[in-house]
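Each chain, written out:
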Amino acid sequence: MADYQTILIEKRDKVAILTINRPDKLNALNSKVHMEGVSALEELQKDDSVRVVVITGAGEKSFIAGADISEFAGQTPVTQRDLFHDKTLFNTIDNFPKPVIAMINGFCLGGGNELALACDIRFCSENARFAQPEINLGIMCGGGGTQRLTRLVGEGRAMEIVLTGDMIDANKALEFGLVNHVFPLEELEVKTLEFAAKIAEKAPIALQMSKEAVKFASRSNLDEGLRREVDLFAICFSTEDKTEGVSAFLEKRKPNFKGK
Ligand code: COA
């Protein structure tokens, strides 16, 4: 992996942990994090030994406390739009073909919540706090907060979060469906990595196709979605992993998937 200043990458067997590493700024997302995050994910995408990515923030206080507000002062509409257009960190995560889990270990605010929303699954610690506080700065969400949040939790709950800017706690986030599970902080890493390791044993192409199909559900109507699902299902039948999975079941053994 390249040498990054704001990102740490650790590989544990088939799982890569990408840590946003600016704990003194509560891991706020500056333009360097955006740039390095995109490059790190491009590297992890090409690395066949990595089957699942976990994203977290350094330290025990914050996952990501949002966009780096100090950079807002110098931004013009054009530079800010360029940073948030097309190949953003948020969209790179959303389009990443392998499963991505957000391991939320504290403040999950603004762009931090938008980054978590771009992930496939969100686990958090009991001390996590969530908000889209942009409204308090006289601006609004720009990294998918109004769109991905609404699709995940529904319009009324998204309105509450986006219009008030107020923080909600981990239990409220769980009740809203914003996170999948809440754990005591000391258990968060173990539980998340256990879950990631479990997914990492599945057939990589089938994981990728499943992810694409599920994501398509909120971006299409039912008929288009059902057609896309059956096409992706059919592609799985062209893989060596399908032969391996079926043979392993019939031979009463554990499958060994290779991503082929
Ligand atoms: N951008 C830039 N710097 C940030 C930041 C952000 N989003 N969030 C925190 N920081 C910095 C603080 O400026 C401070 O830096 P300093 O020590 O050099 O002064 C450091 O991180 C620690 O934060 P601090 O505010 O002292 O911690 P706290 O425990 O008192 O408060 C928060 C924590 C999260 C409530 C508070 O930092 C906050 O409101 N941050 C902004 C959240 C936000 O609005 N995010 C959305 C941006 S669109």
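Residues numbered from 1 in each chain as written. Predicted model: local features only at pLDDT ≥ 70, side-chain atom pairs only at ≥ 80, totals over all residues. Heavy atoms only, no water.

Caption draft 1: The arrangement of unusual backbone geometry in detail. The backbone of Leu26 shows a phi angle near 50°, a positive value even though the residue is not glycine. Residue position: Leu26 is located in the loop between strand 2 (15-20) and helix 1 (31-46). Even without glycine at this site, Lys252 takes up a positive phi of about 55°. If you trace the backbone, Lys252 turns up in the segment after helix 12 (240-250). Of the residues examined, Lys252 reaches a relative accessible area of 79% and is grouped as exposed. (Helix = DSSP H or I, 4+ residues; strand = E, 2+ residues; numbered from the N terminus. Buried < 20%, exposed > 50% of the residue type's maximum accessible area, 1.4 Å probe, protein only.)

Caption draft 2: Summary view of the site of the ligand. Around the ligand sit 16 residues in total, of which Lys25, Lys61, Ala65, Ala67 and Ile69 are the nearest. Interatomic distance of 3.4 Å between a backbone N/O atom of Asp24 and an oxygen atom of the ligand. Ile69 places a polar main-chain atom, nitrogen or oxygen, 2.9 Å from a nitrogen atom of the ligand. Here the ligand, which alone exposes 860 Å², has 59% of that area covered by the protein. Mapped onto the shell around the ligand, the elements with two or more residues apiece are helix 2 (69-72) and strand 6 (107-109). In terms of residue class, the shell around the ligand is made up of 11 nonpolar, no polar and 5 charged. (Near = heavy atom within 4 Å. Polar contact = N/O pair within 3.5 Å; in protein donor to acceptor, adjacent residues only side chain to side chain. Areas by Shrake-Rupley, 256 points an atom, 1.4 Å probe, with all protein chains shown as cover. Nonpolar A, V, L, I, M, F, W, Y, C, P; charged D, E, K, R; others polar.)

Caption draft 3: Examining the packing of helix 10 (residues 204-217) against helix 11 (residues 222-236) more closely. With their axes 9 Å apart at the nearest point, helix 10 and helix 11 run at an angle of 175° to one another. When the axes of helix 10 and helix 11 are compared, the pair comes out roughly antiparallel. Contacts between helix 10 and helix 11 involve Ala206, Met209, Glu212, Ala213 and Phe216 on the former and, on the latter, Glu224, Gly225, Arg228, Leu232, Ile235 and Cys236. For the contact of helix 10 with helix 11, a count of residues per class yields 7 nonpolar, 1 polar and 3 charged. (Axes fitted to C-alpha atoms, helices over the stretch in contact; angles between N-to-C directions. Parallel < 35°, antiparallel > 145°, perpendicular 65-115°, else oblique. Contact = heavy atoms within 4.5 Å.)

Caption draft 4: Spotlight on the side chain of Arg51. Assignment of secondary structure puts Arg51 in the loop between helix 1 and strand 3 (52-57). Nearest to the buried, unbridged Arg51 among oppositely charged side chains is Glu201, at 5.4 Å. A distance of 2.9 Å separates the side chain of Arg51 from the backbone oxygen of Phe257, its partner in a polar contact. Among residues more than four places away in sequence, those in contact with Arg51 are Lys14, Lys98, Pro99, Ala200, Lys202, Pro204, Phe257 and Lys258. (Lys, Arg positive; Asp, Glu negative; His and termini not counted. Salt bridge = Lys/Arg side-chain N within 4 Å of Asp/Glu carboxyl O.)

Caption draft 5: Geometry of the state of the cysteines. Evaluated as defined, the whole model comprises 0 disulfides. In this model Cys108 remains outside any disulfide bridge; the closest cysteine sulfur is found in Cys124, 8.3 Å from its own. Here Cys141 is not cross-linked by a disulfide; its sulfur's nearest cysteine counterpart is in Cys108, at 12 Å. Among the residues examined, Cys141 registers a relative accessible area of 9% and is labelled buried. (Disulfide = S-S within 2.5 Å.)

Caption draft 6: Just the pairing of strand 5 (residues 100-104), in detail. Of all 5 residues making up strand 5, 5 are buried, and the element is well covered by its neighbours. Alternating positions in strand 5 separate into two faces, Val100, Ala102 and Ile104 on one and Ile101 and Met103 on the other, with burial throughout. Relative to strand 5, strand 3 runs parallel, the two sharing 3 bridges. Within strand 5, the position partnered with Val54 by the bridge is Ile101. (Pairing = 2+ DSSP bridges.)

Caption draft 7: Region of interest: the packing of helix 5 (residues 111-118) against helix 6 (residues 145-153). Direction vectors running N to C along helix 5 and helix 6 enclose 50°, while the axes themselves pass 9 Å from each other. Taken together, the axes of helix 5 and helix 6 lie oblique to each other. Taken as a pair, helix 5 and helix 6 cross one another with a handedness that is left-handed. Between helix 5 and helix 6, the residues in contact are Asn113, Glu114, Leu117 and Ala118 and Gly145, Arg148, Leu149 and Leu152, respectively. Considering only residue class, the contact of helix 5 with helix 6 consists of 4 nonpolar, 2 polar and 2 charged. (Left-handed = near helix turned anticlockwise from the far one by under 90°.)

In short, the description is geometric, and any link to function would need to be established separately.
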